[in-house]
Amino acid sequence: MFLIECPWCGERAETEFSYGGEGGITRPAEPDKLSDAEWANYLFMRTNPRGAHQELWNHAQGCRRWFGVERDTVTYHISRSYVLGDGVKD
Amino acid sequence: MQVNRLDKGGRIDRSKPLKFRFNGKSYEGYAGDTLASALLANNVSLINRSFKLHRPRGIIGSGAEEPNAILQIGKGAHTLPNRRATQVALQEGLVARSTKGWPGVRFDIGAINDVFSRLFSAGFYYKTFMFPQSLWNLYEDLIRGSAGFAKAPKKPDPDRYEHINAHCDILVAGAGPAGLMAALAAARSGARVILADEGTEAGGALLRSDEIIDGRPATNWVETIATEIRGYEDVTVLKNSTVFGYFAQNFLTITERTEGPIRQREWRVRARQVVLAQGAIERPLIFCNNDRPGVMLASAVSEYIRRYAVLPGKRAVVFTNNDAAYQAALDLHSAGATIAAIVDSRRTGAGDLGEQAKAAGIPVMPGHIVTNVSGRKRVTGVKIATWDGATEGMVDESIDIACDLVTMSGGYSPAVHLHSQSGAKNAWDDSLSCFVPGEAVQACESAGAGNGRWSLRDCLEDGARAGKVALAKAGFDMPDIAVPAASSQAVKPLEPLWRVPAAQDPDRCPKQFLDFQNDTSVADVRLAVREGYRNIEHVKRYTALGFGTDQGKLGNINGMAVLAEALGMSIPEVGTTTFRPPYTPVSFGVCAGESVGELYDPVRKTAVHEWHESSGAEFENVGQWHRPWYFPLPGEDLDAAVARECLATRKSLGILDASTLGKIDVQGPDAVTFLERIYTHNVGKMQNGRCAYGIMLGEDGMVMDDGVMARLGDNRFYLTTTTGGAAAVLGWLESWLQTEWPELEVYLTSITDQYSTIAVAGPNSRRLLHKLSCSVDLGNENFPFMSVHDAELAGIPVQLFRVSFSGELAFEVNVDSNHALPLWQTLMDAGEEFDITPYGTETMHVLRAEKGFVIVGQDTDGSVTPIDLNMNWMLSKEKDYLGKRSLSRPDCLRTDRKQLVGLLSEDNTTVIPEGAQLIEDLSAPEPVPMLGHVSSSYMSACLGHPIALGLVAGGWNRKDEVVYAWAAGCEPIRARIVSPVFYDPRNERQND
Amino acid sequence: MKYSALNLVRNAFSHNRNWKEAWRSPEPKKEYDVIIVGGGGHGLATAYYLAREHNVGNIAVLEKGWIGGGNTGRNTTIVRSNYLWTEASLLYEKSMQLWEGLSQDLNYNVMFSQRGVYNLGHTLQDMRDIERRVNANRLNGIDAEVVTAKQIKKDIPLINTSPDARYPILGASLQPRAGVARHDAVAWGFARAADQLGVDIIEQCEVTGVNRNGSTVTGVETTRGTIKAKKVGVVVAGNASVVASMAGLRLPIESHPLQAYVSEPLKPVLDTVVMSNAVHGYVSQSDKGELVIGAGIDAYNGYGQRGSFSTIEHAMQAILELFPMFSRVRMLRMWGGIVDVCPDACPIISKTPVDGLYFNCGWGTGGFKATPGSGWVFAHTIAEDRPHELNQPFNLQRFETGALIDEHGAAAVAH
């Protein structure tokens, strides 16, 4: 059970949060113009890296805000958490 | 008669004799005893049988490393399975039994396995029991017949458990000399400290020691220090408490065995710094028949003598490859035992302790080894050979010595388990011949014997050092702390002896046990290697080495060394094993904590729940809610009650507690823009004060949730969700708003609990509200179907929705939950003249099915699009919305997709079972092609015949076709595909 | 040397000194016809069936660690085929049929024990889903029945069927032919049988790159050098996305921790397998007497082979909801695996855009039970360069066309 730093509330136990998967996936502006393959790429394909991972977390049992986290998927070490739109990618 | 009890000494309370029973016989011990020490005091040496070969076994150790004395403690619901006698505190009336051996531990039929032990070599079961295949069940029954140690309780646990969350600056694991020093330093500097130790009292190895600290007995020093530590306000000292897990970010778990109303407590500790001072575990020596009762670890022998005043044997042979065992010899000697010999594999003998032994007249045999043990149920003697320190082959065992106790020491292994659990590696130290903690990866320091420091002086120093380092890292000032004076003897180094040479080669000699509990011997490991299982993980799994309840604490290192020898590699090349939690076994109960029984998951109840209960409602679980399922009158079953509730509603008036629907308030200048993207229909076209049925899709185009939404103002909406989907929908909306469209100014508030919803349905619903002096005109003109008004009802402010999930003229009344129960009662009273009938979820389901309304999650699963539900009319072509793009993927456009249809049994009387599969051809061979399935099916009291909804491949083009509804155990039912709307297809009633 | 009771006796006389190695440890050759990346149960089974059913002569299995060390050795060993959709249930049923003769096929006792699996229902909707699934199973020729709470209590005396339970047990589906198997033995048995057919099993050989010439695979880079191959089949649970990225592919997979634990060995008290999706727990008792218990999937991506302790705590609570008397039983070991989860909870056993490169991945929590069947269809796919009809639906294209096979209901957590 790791600690996650909510940018608004500070460090809290993982059990207060819910996970939102890979970050940095932007919904296409005009889905109608995408091919099926492009749409599938947005919808289903994931980087799923071994190592640094940009991901979304929600402080579900706290302020209910979504934010970005950079976490290592092997060591689970969290290098930073950040307000969306404020970091590398959102 | 406690024949082995010494006249004086020990940390037992002789004024408190305690009676206990073992295997049906009565014995006596003292307060302060463990079950193991009490059994030894009574000269009970045969305690149990081994798992596979059913060899007689006695007590080897004195702590968590004990592999043999695994007992059943107590009876009935209070029984404790698989407890180590070495860690069970003796109590008055304690009842214990051996867990292996039938009919008994003295005479055990299973001992035949030992006779044929060569058949039961490592992995033998993979090579047999295969022919004929049909007999495997029989073979397996036999195997299972000999499975397990103790019996599980048969009754629910009468005791309680709890979890405590704690934070501290410094967590110290272990209250031996090093841990005490670290804790003392931390306590003095004002840090918040938790000191946890698995023993009944602080002191660790000092409790079996005659060492002097600061000029007084070590146990005195322990008492002084422990008392000082306990005196600090910010220090929590936990005895009987095992730190069993070390997880990411210095999160550690401790199980505390308490004596209060809570049986055990799990501490979940977030520590800024951790000091690991768990000491070291003595290793056995691996010689033939080293498992015979009466063969014990040297540390255990000292502990029984000095801490418990029990002399475990009268005539002992001490066998060692290091100096530590000499202490046991001295302890035995001073307690009155005869030491037949100290057999030291080192030709150099020992240091200071060796001199003391000689001075005491104890015969020492340097350059010798014990090769074999005689005696079956108790040691009767040993065979000894001279050894040059190098020969790995056969030796000549020419010396016989009679004895009733073999005290062995193969050196110590630091308890690096928690260090390893923290994610760090362990490193092999060649000079110490053991794994020591490698570089820490979390904020922790190892100290003392757990850090490879053997002498007391080193342990005290290292504990103080670790405490200071941890304090510095945690930002505390250095405390004023001096390391107390303690002796440090001149020691001759240990000489590794992982497998003791025998008179025959290691594959032929009598068994040399590595894992006592699982009967894994040197020959087994060598066999595994011969068969190609060379990786340590393969060897462990193939031979079961380390898979016993001692988790390999006793013999794993020897096992690795034997493997290394067989592979011609060094021990570190063979690899370290990774330790995982728990350090010692922990009860399910303490891990579960309070969240069992009715606290497993909180029940949600509506504000009207009491009324439902007192009216005899039957309930069903929907999500976390308890919802009324139906309201049976005396003598009514489900069908009768539902038929009555349906008819009453259709004919006059029904009332439903719909409070569990999810309710979300949406406000903000961008509310319309936001909801347009969420819902499939044109939200912007909704007039203020009007309602609409809405569905939302996942991005994969599948129906996710549905509900009624109302536009309360230009920038304000009220949404309802399904009962089970409420939390998920709110989360879904929030995630889009925050992560994808943060530029939209919209505010979402869950009001599910704040407002209760009462639905009144039926032709008399308007009259009922009218009767309660409804403050708004309920006529069609002012209040048409699918509209909303604020109103007052019987003087209570409410929000009135004219919506219908039954197809009847109906209103949903939203009311502050505090007023819900009185309002419900008022409605019931006023409705009496209309024969108002409360109905539950079952009737709700029937009424909606008659109208062909789907229930998301019942009539849909994760594979149904709105097109499949014939909801094309709800899919806006003018805008994008979540999931829209997915609907145009080729597979979603197929015309043979499963589509929502109605189904009527041809005989007009048979209710098709829900879950029935629909097939065309009864004679088709398996796998039989399935067209779809029946998702909802009821007897419709109003229509007088059964109805069903289902999903059928290409269903809309199959109107009036007849298919078979197939359900296991039923005759196939001929069913006609029809429109899913069975009742009032022109919606005249709801618009009335 | 054939494994038999007779040979066991014969070898006992020679102090077990004449047993041969179960599989060789050869040096990798320069080139193979087929390289299977991944020495877990699926990879070894694929190699075995390639050699046995398709007469491919020159095969290597490359394993970065020790065979069977991934999910094969880290699961709760449940084998069943009672899936909802026809596509999935026929695939798993093929596997079931292979399981039923596997010990004899391999001449290695994998201890496949058909002691039945109960999938419990706790709500009316659970029961509707169970009825639906059982009916579908029966029409697909798979044994399945719906049992009442009363029957469950009779079969499993310790289970808590009280109507006062927080989530009372209303009934269950039962697949009598389902059961458990000895996980390590599956890897070792396939390895030994494949080795006897000439397959090179190469441990401590990590694939670091996938070589291709244009859109055709030519071999792999490994920690033990370049190895050429005409075809490469990748079956690396817990690493699929990583190896895919070496070949320039993206997969619809997320890898998550999945944990399990066992109790200390107890005398037999539970003679079958009990699974509950609603309370997120599943339990059986091994032939050694340990209760083997599976926990839920941790929500986050993770390759660490460990999850959060709170997930274990939840699993304890779930088991005590079903078996309150296990409260005083103790957990002995816990561990974690890595499950590769697809959006539709179904695997991918497919050709890829790269000629000669095949992927078998995304089994989520369903991998162990599929081991022989997965290997069988994957061998066919590689040998014939086209899927068998059983794995045709499990292609990569389905994520574009939308032809997903949603097994969340059957798969969810409980496997």
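About the criteria used
- Chains are numbered independently. Their residues run from 1 in the order of the written sequence.
- Each chain takes a letter, starting from A, and each ligand takes a number, starting from 1, following the order in which they are written.
- Totals for whole chains, interfaces and linings use all residues, but because this is a predicted model, local features are given only for residues with pLDDT of at least 70 and pairs of side-chain atoms are given and counted only at 80 or more.
- Only hydrogens and water are removed before side-chain values are computed, so all heavy atoms of the structure are retained for them.
- What makes two residues a contact is simply this: any of their non-hydrogen atoms within 4.5 Å.
- A quick way to say it: buried area is the sum, across both parts, of accessible area lost when two parts are put together, with a 1.4 Å probe.
- One speaks of a salt bridge when a side-chain nitrogen belonging to Lys or Arg is within 4 Å of a carboxyl oxygen belonging to Asp or Glu.
- Pairs of N or O atoms are called polar contacts if they sit within 3.5 Å, as long as, within protein, a hydrogen donor faces a hydrogen acceptor (for residues adjacent in sequence, only side-chain-to-side-chain pairs).
- Each helix corresponds to a stretch of at least 4 residues labelled H or I by DSSP, and each strand to a stretch of at least 2 residues labelled E; elements are numbered beginning at the N terminus.
- Put simply, Ala, Val, Leu, Ile, Met, Phe, Trp, Tyr, Cys and Pro go in the nonpolar bin, Asp, Glu, Lys and Arg in the charged bin, and everything else, Gly too, in the polar bin.
- Two strands are counted as paired when DSSP detects at least two bridges linking them.
- Interaxial angles span 0 to 180 degrees and are taken between N-to-C directions of axes, which are lines fitted to C-alpha atoms, for helices over the stretch in contact.

A few words on the interface of chain C and chain A. Of the residues lining the interface, 28 residues belong to chain C; the matching set on chain A comes to 25 residues. Interface area for chain C against chain A, summed over the two sides, is near 2200 Å², with a carbon-plus-sulfur share of 51%. On the chain C side of the interface with chain A, the three residues burying the most area are Arg250, Tyr300 and Tyr303 of chain C, jointly 31% of the side's total. Taken together, the links from chain C to chain A amount to 1 salt bridge. The salt bridge involving Glu254 of chain C is made with Arg46 of chain A; its shortest N-O contact spans 3.9 Å. The tally of links from chain C across to chain A stands at 17 residue pairs in polar contact (both at pLDDT 80 or more). Elements with a contribution of two residues or more to the side of chain C that touches chain A: helix H8 (240-246), strand S12 (254-263), helix H9 (309-322) and helix H11 (398-401) of chain C. The element contributing the most residues to the side of chain C that touches chain A is S12 of chain C, with 3 residues. When the residues that make up the side of chain C that touches chain A are grouped by side-chain class, the tally is 12 nonpolar, 10 polar and 6 charged.

Moving on, we get to the sheet that holds strand S37 (residues 703-713) of chain B. Residue and element names in this part refer to chain B. Sheet architecture is open: 5 strands sit in the order S36-S37-S38-S35-S39, paired in antiparallel fashion. This sheet does not close on itself; its edge strands, each paired only once, are strand S36 (691-697) and strand S39 (747-750). Neighbour-to-neighbour, the strand axes of the sheet open up by a mean angle of 25°, direction not taken into account. Sitting on the sheet, helix H18 (residues 671-678) touches strand S35 (662-667), S36, S37, strand S38 (716-721) and S39, and the angle it makes with S38 is about 30°. The strands that helix H19 (residues 726-740) touches are S35, S36, S37, S38 and S39; relative to S39, the one it contacts most, it runs at about 165°.

In this section: the sheet that holds strand S5 (residues 70-73) of chain B. Residues and elements named next belong to chain B. If you walk across this open sheet you meet the 5 strands as S2-S1-S7-S5-S6, and the pairing is mixed. Among the strands making up the open sheet, the edge pair consists of strand S2 (25-31) and strand S6 (80-84). On average, each strand axis in the sheet is inclined to that of its neighbour by 40°, with strand direction left out of account. The pairing of strand S1 (residues 13-22) with strand S7 (residues 94-98) spans 3 bridges and is classified as parallel. Note that in S7 the partner of Arg21 across the bridge is Val95.

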